[in-house]
Amino acid sequence: MKSLRVTLGLLLALCLLLGAGSALAADTIKITAQQPITGRFAFAGKHINQGLADSLAWANEQGGVDGIKVEYIYEDTGYDLKRAVAAFKKMMAKYSPVMDYGESTGQGKALSPEINSRYHVVYGSTSFSQELADRAKNPYIFVSGPTYAQQFGILLKYIAANPKTKGKKPTVAFFHSDTEFGRDPIPFAREMAKKLGVEVVAEEVTAVGAVDVTSQLLDLKRHNPDYCIFQGYVVPPIPAIIRGAKDFGLKTTFMGTFWTMSNMLLDKLGADGEGYMGVMPYAYWYHTEVPMIKIIQDFNKRHHPDVAYRPNSYMQGWFTGMVFVKLAKMCKAKGLPITGPNLKDMIPQVKDWDTQGFAGMVSFKSSNATAVGKVYVGKGGKFVPASDWIYLD
Amino acid sequence: MDILLQLIVSGIAVGGVYALIALGFVLIYKATSIINFATGEFMMIGAYFFYTFMVMIGLPPIPSFLLVMFSSALLGLFIERAILRYMLGQPTISIVMVTIGLSSILMGLAEIIWSTDFKSFPPLFPRAPIIIGDIIVRSNLFWGFVAAMAAVILFALLFKYAKVGVAMRATAGDQMAAFSMGINVRSMFTVAWSLGAIAAALGGVIIGNIGGIQPTLGGIGLKIFPVVILGGLDSIAGAVVGGFIVGLVENIAGGYLDPYVGGGVKDLAPFVVLVLILLVKPYGLFGKEDIERL
């Protein structure tokens, strides 16, 4: 009898504790995420997830959103669209978040009609897709940086300003994978090149894991472009292309967009990485002169003392966390409740936001993307700035 | 003309590597009549074995290579003994599903053991390209071809002259007859899985040396599939010829047609050739015609 009373007492205490927990949770801003922590995108997904979690934890250390804490809840999707969509719906039902982070372009495209009409949740993701950043179509969705098309625009602007031969139209080739990711910015890039007076002399296409790229290299040799921009790859087959181009005697400068601007690629390229260029929306871990990087390093020293390096995917997660908190703070400052529709209205109002050197002066002007990036060049195994922040809008 | 020669030489070089991986399919199918859909993952695990021995443990390339062969043989042996042996006599579709499941398990294990990060080995061959007249062959591809062809020749000799190879051929020809002649048919299945795993793993080391390794490296197994179907699922010579045909077709089609249609022909062309050849020879170029009388 006594043991029954003790058990009932413990159960009651547990219920009270859980009740108190729920009451506390109600006073937080809930942000959910479907992250590709396993599966073929996990090499980046686990870092993005950590970056987002750390960014929000850092914001909480700074007092949250005017005293309201941010609560981050994530689930692994294995980079499987069906799992991601199911996890999103489950999390919407269970937590009613006001902001969410998705695992891919595919997830964003699959869910955008329901995000707009039913869930009304502000949605960031791993994606830099032009279509998702279209404010008219997807007012709730933002891209954590410039879209791939805008990244091409930034590189083409740099090329136009830095012709290899003075007085001669610079020439460029696009080298992309035969995927949606690879093709996404190409139509915009063709138009942009025409506007900027850069001649597109070749477009090469390969499968992501192509073993032999000789036929594409021969075509590049035929056109001998001043610059060549990669899109739709992470590492392979880029080292094979750059080394092959050197073997074939090409003097082309190779460039990349966000995913091909990792130190992982520079490590693989070794000495061939000297002079490799590309666009990045953020500063790198080792740019310690950047105030926000100092903050990130300090946070990691305190919470993850064993960490010696954070890749650019971590920076994407960190920046997305900054955007989430910024939107919530803007709502608060205007005296509006922090709801999905109010947060969505804040996106176009982000103007000349100082990210402390991390991502330039950020504005979401004509689209829900930042349209700013910096061109970096590989030197001694690291990326160093080759330009200041380049703005497109 | 220079371009055509360049495309042919590169096509042959990459075709040799395809042939070695195709051998991974053929060796297993020849002895056990099982199409191993996890061949690509055997290849990927082999590349990770090499990475473990050479980069993580710090052994020189040749001992690492030998240890890859040994550990891959053990992997093949384990899989046959622990899983496939219990599938004997089951419907083909069940066995196919097991090998597909196996591919997911191996990929998951690779993620757990080696993480999902991109890995690479230090360069195995001299950096300088091989120049034959006006033709340039990239070093990795050339030496990869040499290594792959050496392995293919060794496997062919093993099948032709070694006792175990003859026993495997006998098992592949008629299991009941082989059994009645005192051949341990079950052991031959194990040997086939081990040899298949070694062939795929060696291919994995060569491909990994060209482009680096990731748990998704096994996806290339799908590309090798036209090679084995084209050559004939149970023919070593077929794997070699199929490898060269696919290497040549994709390179020449890529070189001449890709610039006009905006790319993609290089990956499509081998499948078109595959369909055309299968229309004429449904068992592949060198495949054994299987006649069932009712």
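See the structure shown above.
Residues numbered from 1 in each chain as written. Chains lettered and ligands numbered in written order. Predicted model: local features only at pLDDT ≥ 70, side-chain atom pairs only at ≥ 80, totals over all residues. Heavy atoms only, no water.

*Asks:* Got a sec to walk through the overall build of chain B? Specific residues and values, please.
*Replies:* On a plain count of helices and strands, chain B comes out with eleven helices and two strands. On C-alpha atoms alone, chain B measures out to a radius of gyration of 19 Å, which is about the 19 Å that the 2.2 N^0.38 rule sets for 294 residues. C-alpha extents for chain B along the principal axes are approximately 60 × 50 × 35 Å. Buried positions account for 52% of the 294 residues belonging to chain B. Taking contacts inside chain B between residues at least 6 apart in sequence as the whole, the part at least 24 apart equals 75%. For chain B, the exposed surface amounts to about 13100 Å²; the carbon and sulfur share of it is 72%. Treating the 15 positive side-chain charges of chain B as one cloud and the 14 negative ones as another, the clouds have centres 10 Å apart. (Helix = DSSP H or I, 4+ residues; strand = E, 2+ residues; numbered from the N terminus. Rg over C-alpha atoms; globule rule 2.2 N^0.38 Å. Buried < 20%, exposed > 50% of the residue type's maximum accessible area, 1.4 Å probe, protein only. Contact = heavy atoms within 4.5 Å. Areas by Shrake-Rupley, 256 points an atom, 1.4 Å probe, with all protein chains shown as cover. Lys, Arg positive; Asp, Glu negative; His and termini not counted. Charge placed at Lys NZ, Arg CZ, Asp CG, Glu CD.)

*Asks:* Can you break down the interface of chain A and chain B residue by residue, with the values?
*Replies:* Between chain A and chain B, the contact holds 32 residues from the first and 35 residues from the second. Roughly 2800 Å² of surface becomes buried between chain A and chain B when both sides are summed, with 55% attributable to carbon and sulfur atoms. Contact with chain B buries surface across chain A, with Val211(A), Asp212(A) and Asp247(A) losing the most and accounting together for 24% of the total. For the pair chain A and chain B, the number of links is four salt bridges. The salt bridge involving Asp247(A) is made with Arg127(B); its shortest N-O contact spans 3.1 Å. Here chain A is connected to chain B by ten residue pairs in polar contact (both at pLDDT 80 or more). Sorting the residues of the side of chain A that touches chain B by element identifies α2 (42–61), β6 (199–206), α8 (214–223), α9 (238–247) and α10 (263–269) of chain A as the ones contributing at least two each. Per-element accounting of the side of chain A that touches chain B gives the leading share, seven residues, to α8(A). (Buried area = accessible area lost by both parts, 1.4 Å probe. Salt bridge = Lys/Arg side-chain N within 4 Å of Asp/Glu carboxyl O. Polar contact = N/O pair within 3.5 Å; in protein donor to acceptor, adjacent residues only side chain to side chain.)

*Asks:* So, the pairing of strand β8 (residues 253–256) of chain A: which residues are in play, and what are the values?
*Replies:* Residues and elements named next belong to chain A. Here β8 shows two buried faces, one formed by Thr 253 and Met 255 and the other by Phe 254 and Gly 256. Relative to β8, strand β7 (residues 227–231) runs parallel, the two being bridged by four bridges. Following the sheet pairing, Ile 229 is matched in β8 by Met 255. One crossover worth recording links β7 to the parallel β8 by way of α9, and it is right-handed. Sheet topology places β8 next to strand β9 (residues 277–280); two bridges connect them, and they run parallel. What sits directly across from Gly 256, in β9, is Gly 278. (Pairing = 2+ DSSP bridges. Right-handed = clockwise from strand over helix to strand, strands pointing away.)

*Asks:* Could you give an account of the environment of Thr370(A), naming the residues involved and the relevant values?
*Replies:* Residue and element names in this part refer to chain A. Assignment of secondary structure puts Thr 370 in the loop between β11 (361–362) and β12 (372–379). On the accessibility criterion, Thr 370 (5% relative accessible area) is buried. In the structure, Thr 370 is positioned 135 residues away from Val 235 in sequence and 25 Å away in space, judged by C-alpha atoms. Not counting residues up to four positions away in its chain, the partners in contact with Thr 370 are Val 143, Gly 145, Pro 146, Gln 150, Phe 319, Val 362, Ser 363 and Phe 364.

*Asks:* Tell me about the side chain of Gln34(A), and please be specific about residues and values.
*Replies:* All names here are of chain A. Along the polypeptide, Gln 34 turns up in strand β1 (residues 29–35). Since its relative accessible area comes to 0%, Gln 34 is described here as buried. Here Asp 100 takes part through its side chain, which lies 2.8 Å from a polar atom of the side chain of Gln 34. For Gln 34, the contacting residues outside a window of four places in its chain are Glu 75, Thr 77, Ala 84, Ala 87, Phe 88, Met 91, Asp 100, Tyr 101, Gly 102, Glu 103 and Gln 107.

*Asks:* Describe a nonpolar patch on the surface, with residues and values.
*Replies:* All names here are of chain B. On the surface, a nonpolar cluster with roughly 610 Å² of combined accessible area is contributed by Leu 268, Val 272, Val 275, Leu 276, Leu 279 and Val 280. Mapped onto the elements, Val 275 comes out in helix α11 (residues 265–280). A relative accessible area of 49% means that Val 275 is categorised as partly exposed. (Patch = residues over 30% accessible without salt bridge, like charges linked within 9 Å, V, L, I, M, F, W, Y side chains within 5 Å.)

*Asks:* Now, about the sheet that holds strand β13 (residues 382–391) of chain A: what can you tell me, with residues and values included?
*Replies:* Residues and elements named next belong to chain A. In space, the seven strands of this open sheet follow the order β6-β5-β7-β8-β9-β12-β13, with mixed pairing throughout. Across the chains shown, the open sheet's two edge strands, defined by having one partner strand only, are β6 and β13. Within this sheet the neighbouring strands show an average axis-to-axis angle of 25°, counted without direction. Pairing of strand β5 (residues 171–177) with β7 involves five bridges; the strand directions are parallel. The partner of Phe 174 across the bridge, within β7, is Ile 229. This element, helix α7 (residues 186–196), spans β5 and β6 of the sheet and lies at about 175° to β5. (Axes fitted to C-alpha atoms, helices over the stretch in contact; angles between N-to-C directions.)

The values are spatial; any link to function lies outside them.
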